[in-house]
Amino acid sequence: MLLIDRLCYTSGLRHMNAGEKCALSLFSIVLCVGTRSAAAAAAVFLAMAFLCIKKGGVPAGLYLRLLLIPLAFVLLGTAAVLVNLSRTPLDAFALPLGPLWLTGSREGLLGSGRLILTAMASVSGLYFLALTTPVTDILGVLRACRLPRILAELMLLVYRFLFLLLEQAAAMLRSQDARLGNRDLRTSLRSWGLLASMLFIRAMKQGNALYDAMEARCYDGSIRVLPEADPPRLREIAGIAGFLFLLLVLAFLTRKSGL
Amino acid sequence: MSDYILEADNLTFSYDKTGAPSLDGLSLRVRRGSRTAVMGANGSGKSTFFLCCNGLLKPDGGRLLYDGVPLSYRKRDLLALREKVGIVFQDPDTQLFSASVYQEISFGPLNLGLSEEEASREVEAVIGRLGIGPFRHRPAHALSGGQKKQVALADILVMHPELLILDEPFAALDPGHARIIRDMIGKPDQEPGRVPAAILLATHDTDFALEWADEVILMKDGRALAQGPARKILTDRQLLAKAELALPSVIRIFESLRACGILGADLPAPGSFDQLEAYIRRAGGEA
């Protein structure tokens, strides 16, 4: 999570308008899942990888490693779709298993291939957003989309507190290590308990102090901050619209071929 | 308009209402146009007093006057008070609520009721003045301690408070960042007419206080031990010892040079190292 956070703050696409990025990511995913077209999914995957690696500056190796995490889940999920246990062998492959066959059909094979492609393309669409757009920018878009105020404010505070607590937990853990707090299972269990309870107390204290500090700056119950939007550019909007149109065309042309 | 922007009269406050009080009969006065250093050991009640100054804490007893008027704790009056009194908290992590530096600083001006254009102009101005530009696009959690402090100061300066309160602004800062903060306190506002009417600053650094402050308030156990001109208070060995503070090193060197006969016995105490150096150079030239 820390890695993704750092990457999006240093991304080459950091100062592209956040609304544009959200739209590109969201509509690409919708088109992928909606059309189930393998060609469109491949196009999305390639385009997102290009944007993240070439334009955003995410190291290619790191990008692939990040993709491996969801890929593991996708593969496990599709395995269940692909492999059947049946009395008659199907056309793609069949392994005898006593009186039964561990078997799969050609159609199933093609279907799961398409499923994997669609799923990974959707993941790449989400990664594009996560790797180029800081949470505060996404929050700005959500606010513009009329997200209820209370949710936007909560997200703002939660995001900040996540890092505050993470920092404190790391510091406490280090200081416990320095005093041999984690030398064996017994001490580790004890130390973890202490850490969790201390973290809870700290979070309460920090919350109170933050509230005081906000009150000191005339906080009256609603958090108003200036929107910090990079201006949208016509060229980028045209590019995104063109890309989405291309996806539709691709999906339409290949709808008969089963791709 | 009262001569004193802030007056405390016999304030008492205790956090848990049964144990030892944090403020125990505190009386002091802050003159308009003064730079006042509030000094005292840890736990002497400085931070508690500051929280009382803009109504975040309500004293259990005694009177607190802002500009000659007793504080009112009605919501509307509190907001009006907080528009005038700005506190820079000691730990910036308790002050910064947004991960975005720009949004963080914009919170105060928008609360003051400025339009988005005005607020944005103010925020840009303070970002420029405090040298926040180079890291304005970094998230709050990726800033160094010194940078966070700069943002915390900007948070408050952007609101142009009448009374500026700084709670140990140099705690845990490297010399570079300490200088940035010092420069800002030296000239907190360049626009005429928007300079804070008074600055109240908590510190343990007697050398800094001697150089910067015109008034010093010594605190101990929730009470004011002494209040007076900086040169008078900060050269009083016994008083400082009672407040558990160190004699400024400038004064120590000055006194030993005088005791050795290197400096004349009639010289007044120096207010800074520069002044002491000038004394020494003059004495060397005469010899």
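Residues numbered from 1 in each chain as written. Chains lettered and ligands numbered in written order. Predicted model: local features only at pLDDT ≥ 70, side-chain atom pairs only at ≥ 80, totals over all residues.

Colleague: Got a sec to walk through the overall build of chain B? Specific residues and values, please.
Modeller: Scanning chain B from terminus to terminus reveals eleven helices and ten strands. Here the C-alpha coordinates of chain B stretch approximately 65 × 50 × 35 Å along the principal axes. Look at the contacts in chain B between residues 6 or more apart in sequence, and 66% of them connect residues 24 or more apart. (Helix = DSSP H or I, 4+ residues; strand = E, 2+ residues; numbered from the N terminus. Contact = placed C-beta atoms within 7 Å.)

Colleague: Give a detailed account of the sheet that holds strand E2 (residues 93-97) of chain A, specifying residues and quantitative values.
Modeller: All names here are of chain A. In spatial order, the strands read E1-E3-E2; together these three strands make up an open sheet with antiparallel pairing. Two strands bound the open sheet, and with one partner strand each, they are strand E1 (84-86) and E2. When the angles between neighbouring strand axes are averaged without regard to direction, this sheet yields 30°. Bridge count between E2 and strand E3 (residues 100-104): five bridges; the pairing is antiparallel. When the sheet's bridge partners are listed, Pro 96 is paired in E3 with Trp 101. (Pairing = 2+ DSSP bridges. Axes fitted to C-alpha atoms, helices over the stretch in contact; angles between N-to-C directions.)

Colleague: How would you explain the sheet that holds strand E3 (residues 35-40) of chain B if you had to name every residue and give the values?
Modeller: Residues and elements named next belong to chain B. With mixed pairing, six strands are arranged side by side in an open sheet as E6-E7-E8-E3-E9-E10. Whereas interior strands pair on both sides, the edge strands pair on one side only; in this sheet they are strand E6 (85-88) and strand E10 (223-229). Across this sheet, the average inter-strand angle for adjacent strands is 15°, counted without regard to direction. Alignment of E3 against strand E8 (residues 198-202), held across four bridges, turns out to be parallel. Bridge pairing in E8 places Val 38 opposite Ala 202.

Colleague: Describe the pairing of E3 of chain A, naming the residues involved and giving the relevant values.
Modeller: All names here are of chain A. Pairing analysis gives three bridges linking E1 to E3, with the strands arranged antiparallel. Counterpart to Asn 84 in the pairing with E3 is Thr 103. Taking the residues that link successive antiparallel strands as the turn, the E2-E3 hairpin has two residues, and the phi of Gly 98 there is positive, at about 65°.

Colleague: Residue-level account of the confidence of the model for chain B, with values.
Modeller: The predicted model of chain B has a mean per-residue pLDDT of 90, with 97% of residues at 70 or higher. Among the scores for the predicted complex, ipTM is 0.83 and pTM is 0.84. (pLDDT = per-residue confidence, 0-100.)

Colleague: Run through the interface of chain A and chain B, naming residues and quoting values.
Modeller: Between chain A and chain B, the contact holds 27 residues from the first and 34 residues from the second. Residue assignment for the side of chain A that touches chain B shows that the elements contributing at least two residues are helix H6 (135-144), helix H7 (149-178) and helix H8 (185-216) of chain A. Here the side of chain A that touches chain B takes eight residues from H8 of chain A, the largest share from any one element. For the side of chain A that touches chain B, a count of residues per class yields 18 nonpolar, two polar and seven charged. (Nonpolar A, V, L, I, M, F, W, Y, C, P; charged D, E, K, R; others polar.)

Colleague: Tell me what's going on with the domain arrangement of chain A, and back it up with residues and numbers.
Modeller: Segmenting chain A into domains produces domain 1 (1-133 + 229-259) and domain 2 (148-226). Just the C-alpha atoms count here: the centres of domain 1 of chain A and domain 2 of chain A sit 35 Å apart. (Domains from an automatic or database assignment.)

Colleague: I'd love a proper account of H8 of chain A, names of residues and values included.
Modeller: Over its 32 residues, H8 of chain A runs 46 Å from end to end, which matches the ideal 46 Å to within 8%, given 1.5 Å per residue. By the burial criterion, the buried members of H8 of chain A are Leu 210, Ala 213 and Ala 216 of chain A. For H8 of chain A, the elements touching its buried residues are helix H2 (75-84) and E6 of chain B. Residue Cys 218 of chain A follows H8 of chain A closely and has a positive phi angle near 65°. (Expected span 1.5 Å × (residues − 1). Buried ≥ 20, exposed ≤ 12 C-beta atoms within 10 Å, placed from the backbone.)

Colleague: Quick one: what's the story with the pairing of strand E1 (residues 4-13) of chain B, residue by residue and with numbers?
Modeller: Residue and element names in this part refer to chain B. The pairing of E1 with strand E2 (residues 23-31) spans seven bridges and is antiparallel. Across the sheet, Tyr 4 pairs through a bridge with Arg 31, a residue of E2. The sheet contact formed by E1 and strand E4 (residues 61-66) spans five bridges and is antiparallel. What sits directly across from Ala 8, in E4, is Leu 64.

Colleague: Explain the environment of Gly 222 of chain B to me, and be specific about the residues and the numbers.
Modeller: Residues and elements named next belong to chain B. Relative to the helices and strands, Gly 222 resides in the loop between strand E9 (215-220) and E10. We classify Gly 222 as buried; it has 23 C-beta atoms within 10 Å. For the pair Gly 222 and Gln 90, spaced 132 residues apart in sequence, the C-alpha to C-alpha distance is 19 Å. Not counting residues within four places of it along the chain, the set of residues in contact with Gly 222 comprises Pro 21, Ser 22, Leu 23, Asp 24, Leu 26, Ser 44 and Gly 45.

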